[in-house]
Amino acid sequence: MVPITKSTLRVCSLFILALLGWQLVDSTLVYAQEGPTIILVRHAEKIDNSRDPELSESGKKRAQILARMLAESGVSEIYSTPYLRTQSTVQPLAEALSLEIQSYDPRNLEGFASQLKVKEGIIVVAGHSNTTPTLASLLTGRELSKLDESDYQQFFVISFAGDKAQLFQFQYPPFEQ
């Protein structure tokens, strides 16, 4: 694996900012989008397959990368399922932004999707290999397959213009595990 550099992280961050609806106007970063931008992440690598495991060392590194990638993006809300692995994935970001992690019920994704669609700002949602693509499908109307159980690389950015949703799928930058 190639170690992640500051310049790689900076380029990724600027790219994500543009996708999130931020524009540079007279040297000032301005949020210029109607409706929410929702970033869906699967929890980072877990230590084992128990019911509610902690993150592994690689998972903790991935959680730190997520926090560094999004620390300057204007995130206004963070949601997570009530499990340790999802909460731990977004905890460094929540601490960096002084935001509270709000819990949602992964068994009621339709209701949660409806709530998210009417929000404003940039929202991060941590879920699981099955719930993350299902939530993306509910938000966009596009069918997505479940993530492979060993795939922790993917994350989704959904931006809304009125009632139309655009879906972007990304991978985390490489890092030493």
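An account of the accompanying structure is given in this report. Just so you know, these numbers come straight off a predicted model, no measurement behind them.

Some points on the overall build of the protein chain
So, step 1. Secondary structure assignment for the protein chain yields 5 helices and 8 strands.
So, step 2. Overall, the protein chain shows an N-to-C arrangement of helices and strands of α-β-β-β-α-β-α-β-α-β-α-β-β.
So, step 3. Considering the protein chain as a whole, with its 177 residues, one finds that 49% of them fall into the buried category.
So, step 4. For the protein chain, long-range pairs separated by at least 24 residues make up 62% of all intrachain contacts whose partners lie at least 6 apart in sequence.
So, step 5. Surface accessibility of the protein chain: about 9200 Å² in total, with carbon and sulfur atoms responsible for 49%.

Remarks on the sheet that holds strand 7 (residues 154-161)
So, step 1. Overall, mixed pairing links the 6 strands, which are arranged 5-4-6-3-7-8 in an open sheet. Each end of this open sheet is capped by a strand with a single partner; those strands are strand 5 (101-103) and strand 8 (164-171). Recorded for the sheet is a direction-independent mean angle of 25° between the axes of neighbouring strands.
So, step 2. Note: strand 4 (residues 75-80) against strand 5, 3 bridges, orientation parallel. By the bridge assignment, Ser80 is partnered in strand 5 with Ser103.
So, step 3. In the packing of helix 3 (residues 84-97) onto the sheet, the strands contacted are strand 3 (36-42), strand 4, strand 5 and strand 6 (121-127), and the crossing angle to strand 4 comes to about 160°.

Points about the nonpolar core
So, step 1. Residues Ile39, Leu70, Ile78, Val124 and Phe155 are the most contacted members of the largest nonpolar core, which totals 21 residues.
So, step 2. Listed by contribution, the elements that provide at least two residues to this core are strand 3, helix 2 (57-70), strand 4, helix 3, strand 6 and strand 7.
So, step 3. The dominant element in this core, judged by the number of residues it contributes, is helix 2, at 5 residues.
So, step 4. With 19 residues, the next largest nonpolar core counts Ile38, Tyr79, Phe112 and Ala136 among its residues.

A few points about the packing of helix 4 (residues 109-117) against helix 5 (residues 131-140)
So, step 1. The N-to-C vectors of helix 4 and helix 5 enclose an angle of 55°; their axes lie 9 Å apart at closest approach. Looking at the two axes, helix 4 sits oblique to helix 5. Viewed along their axes, helix 4 and helix 5 form a crossing whose handedness is right-handed. Contact residues: Leu109, Glu110, Phe112, Ala113, Leu116 and Lys117 in helix 4; Thr131, Thr134, Leu135, Leu138 and Leu139 in helix 5.
So, step 2. Taken together, the residues of the contact of helix 4 with helix 5 break down into 7 nonpolar, 2 polar and 2 charged.

So, the environment of Leu84
So, step 1. You can see Leu84 is positioned in helix 3.
So, step 2. Contact partners of Leu84, with chain neighbours within four places excluded, come to Asp52, Pro53 and Glu54.

Digging into the side chain of Gln154
So, step 1. Tracing the backbone through its elements, the reader meets Gln154 in strand 7.
So, step 2. There is a polar contact of 3.5 Å between the side chain of Gln154 and the side chain of Asp151.
So, step 3. Here the side chain of Gln154 touches Gln169 through a polar contact of 3.0 Å, side chain to side chain.
So, step 4. With near-sequence residues (within four places) excluded, Gln154 lies in contact with Arg42, Leu147, Gln169, Phe170, Gln171 and Tyr172.

With respect to the pairing of strand 6
So, step 1. For strand 6, the tally of buried residues reaches 7 of 7 residues, placing the bulk of the element in the interior.
So, step 2. Of the pairings in the sheet, the one linking strand 3 to strand 6 comprises 7 bridges and is parallel in character. Among the inter-strand pairings, Arg42 is bridged to a residue of strand 6, identified as Gly127.

About the criteria used
- Residues numbered from 1 in each chain as written.
- Predicted model: local features only at pLDDT ≥ 70, side-chain atom pairs only at ≥ 80, totals over all residues.
- Heavy atoms only, no water.
- Helix = DSSP H or I, 4+ residues; strand = E, 2+ residues; numbered from the N terminus.
- Buried < 20%, exposed > 50% of the residue type's maximum accessible area, 1.4 Å probe, protein only.
- Contact = heavy atoms within 4.5 Å.
- Areas by Shrake-Rupley, 256 points an atom, 1.4 Å probe, with all protein chains shown as cover.
- Pairing = 2+ DSSP bridges.
- Axes fitted to C-alpha atoms, helices over the stretch in contact; angles between N-to-C directions.
- Core = buried A, V, L, I, M, F, W, Y, C linked by side-chain atoms within 4.5 Å.
- Parallel < 35°, antiparallel > 145°, perpendicular 65-115°, else oblique.
- Left-handed = near helix turned anticlockwise from the far one by under 90°.
- Nonpolar A, V, L, I, M, F, W, Y, C, P; charged D, E, K, R; others polar.
- Polar contact = N/O pair within 3.5 Å; in protein donor to acceptor, adjacent residues only side chain to side chain.

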